[in-house]
Amino acid sequence: MAELERELRRLPVDWPATPDLAARLELAPTHARRRRLAVAALVAAALVAAFAVPQSRSAILRFFHLGGVAVERVETLPAATERPLASGLGSPVDDAEAARVLGTGFLPRSHGTLYEQNGFVSTLLSTPEPALLSEFGSADMIKKLTATSAVEQVEVAPGVSGLWISGAPHAVFFPGASPRLAGNVLVWARDGVTYRLEGRGLDQPRALRVAREVLGTSSG
Amino acid sequence: VEGRPPDERELVRRARRGDERAFTELVRMHQEIAFRVAYLISGGEAEDAVQEALLKAWRALGRFRPGAPFRPWLLRIVANEARNRRRAAGRRSALALRAEREEVSGGAAPSPEAVALAGEERGRLLEALEALPDDARLALACRYLLDLSESDTAAALGVRRGTVKSRVSRALERLREAYG
């Protein structure tokens, strides 16, 4: 047996050349870095808002930022299609894979099938109206453009603020996908993960209740 | 005077804080073994598998336990991605390796017959290895062709160290029977 092991070890194998993967890496900022960048982005946005002349703000009327979500209020929405909530969610993944993507476990711990696409882990909820919960832990930013939707800052849980976007549909840009129209959405972030809950039938109290259940801060 | 290159633990610490250069350096240290593990599992998908796995590793660094060895953690992610890709492609893993021509390194050159015979033996051993079932083949390839430790092999195969031991032992028996 030892001889066979030695022979295996001595086998000069003609491995394919290893590509220089390190040189090709294109990394998105991690949570820690993203937090620092987010602060920098907020400072920059504040400076722009403070010094911009009115004419230069005609395209982007207002800018909100929370976690990995940027919301811009614009005069007119770009062309965007309406698609079912369940479309383009990616491939099914198990809890371990979702945790690897997010850098932490998917919440709530008890959930239906998870899907992953470009760093976004999603699942469909019944609230009882259908809703889509997406979580992302990297700087895979999504951008929302809104013309007439209401954007409101809300408290999701103690120390966790969120943005509630409701009313007229807004356009949402996920990385690597064409823009689509989205219904009412609650966005919040905690511990480096951004959460996005979307559903046409969602109202604010129900969205907040679901968010608290997701975070495990619901008082029952 | 050039400073000493930062050790792995320091690079991991910096990478966890979002230092892209530190992570790139870690990748450079381990990319060959990562690529070869992925190649053993997924063949032609290896490059894509490693690239995707590296991005996942970068995103998951926050969950890496400080002080733990980096290589098995990375190999686990790489091997998992390679397995997913192999499954998606509906293929069995294949070594698809060839024995290299042995270089003559000084001393009396062996006769052409001896070189041919040695090459034939090596080819036969690789063929016997190739004919083993997936689990057995990968266990032996990780342990002996890549010279991975039992811990690293366990990480690459997604099993416990004890399973690696028993799998390698059984695989050697089978190979011995097949190779003669």
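Residues numbered from 1 in each chain as written. Chains lettered and ligands numbered in written order. Predicted model: local features only at pLDDT ≥ 70, side-chain atom pairs only at ≥ 80, totals over all residues. Heavy atoms only, no water.

## Quick word on helix α3 (residues 46–60) of chain B
- The end-to-end C-alpha separation of α3(B) is 20 Å, in line with the 21 Å expected for 15 residues at 1.5 Å each.
- All buried positions along α3(B) are accounted for by B:A46, B:A49, B:V50, B:A53, B:L54, B:K56, B:A57, B:W58, B:R59 and B:A60. (Helix = DSSP H or I, 4+ residues; strand = E, 2+ residues; numbered from the N terminus. Expected span 1.5 Å × (residues − 1). Buried < 20%, exposed > 50% of the residue type's maximum accessible area, 1.4 Å probe, protein only.)

## Re the interface of chain A and chain B
- In this assembly, 40 residues from chain A lie in contact with 46 residues from chain B.
- For the pair chain A and chain B, the two sides together bury roughly 4300 Å², of which 62% comes from carbon and sulfur.
- At the boundary of chain A and chain B, one finds three salt bridges.
- Inspection of the region where chain A meets chain B yields seven residue pairs in polar contact (both at pLDDT 80 or more).
- Looking at the side of chain A that touches chain B, the elements with two or more residues in it are α1 (2–10), α2 (21–24), α3 (31–51) and α4 (95–102) of chain A.
- Taken together, the residues that form the side of chain A that touches chain B break down as 20 nonpolar, seven polar and 13 charged. (Contact = heavy atoms within 4.5 Å. Buried area = accessible area lost by both parts, 1.4 Å probe. Salt bridge = Lys/Arg side-chain N within 4 Å of Asp/Glu carboxyl O. Polar contact = N/O pair within 3.5 Å; in protein donor to acceptor, adjacent residues only side chain to side chain. Nonpolar A, V, L, I, M, F, W, Y, C, P; charged D, E, K, R; others polar.)

## Concerning the packing of α4(A) against α3(B)
- Where α4(A) meets α3(B), the axes come as close as 6 Å, and the angle between the chain directions of the two elements is 75 degrees. Classified by the angle their axes make, α4(A) and α3(B) are roughly perpendicular. Contacts between α4(A) and α3(B) involve A:E97, A:R100 and A:V101 from the former and B:K56, B:R59 and B:A60 from the latter.
- Of the residues that constitute the contact of α4(A) with α3(B), the class distribution is two nonpolar, no polar and four charged. (Axes fitted to C-alpha atoms, helices over the stretch in contact; angles between N-to-C directions. Parallel < 35°, antiparallel > 145°, perpendicular 65-115°, else oblique.)

## Some words on the pairing of strand β14 (residues 193–199) of chain A
Residues and elements named next belong to chain A.
- The buried fraction of β14 is high, at seven of seven residues.
- Here β14 shows no split at all, with V193, Y195, L197 and G199 on one side and T194, R196 and E198 on the other all buried.
- Here strand β7 (residues 130–136) runs beside β14; their pairing, made up of five bridges, is antiparallel. Note that in β14 the partner of S134 across the bridge is R196.
- Where strand β13 (residues 184–190) lies against β14, seven bridges are found, and the strand directions are antiparallel. (Pairing = 2+ DSSP bridges.)

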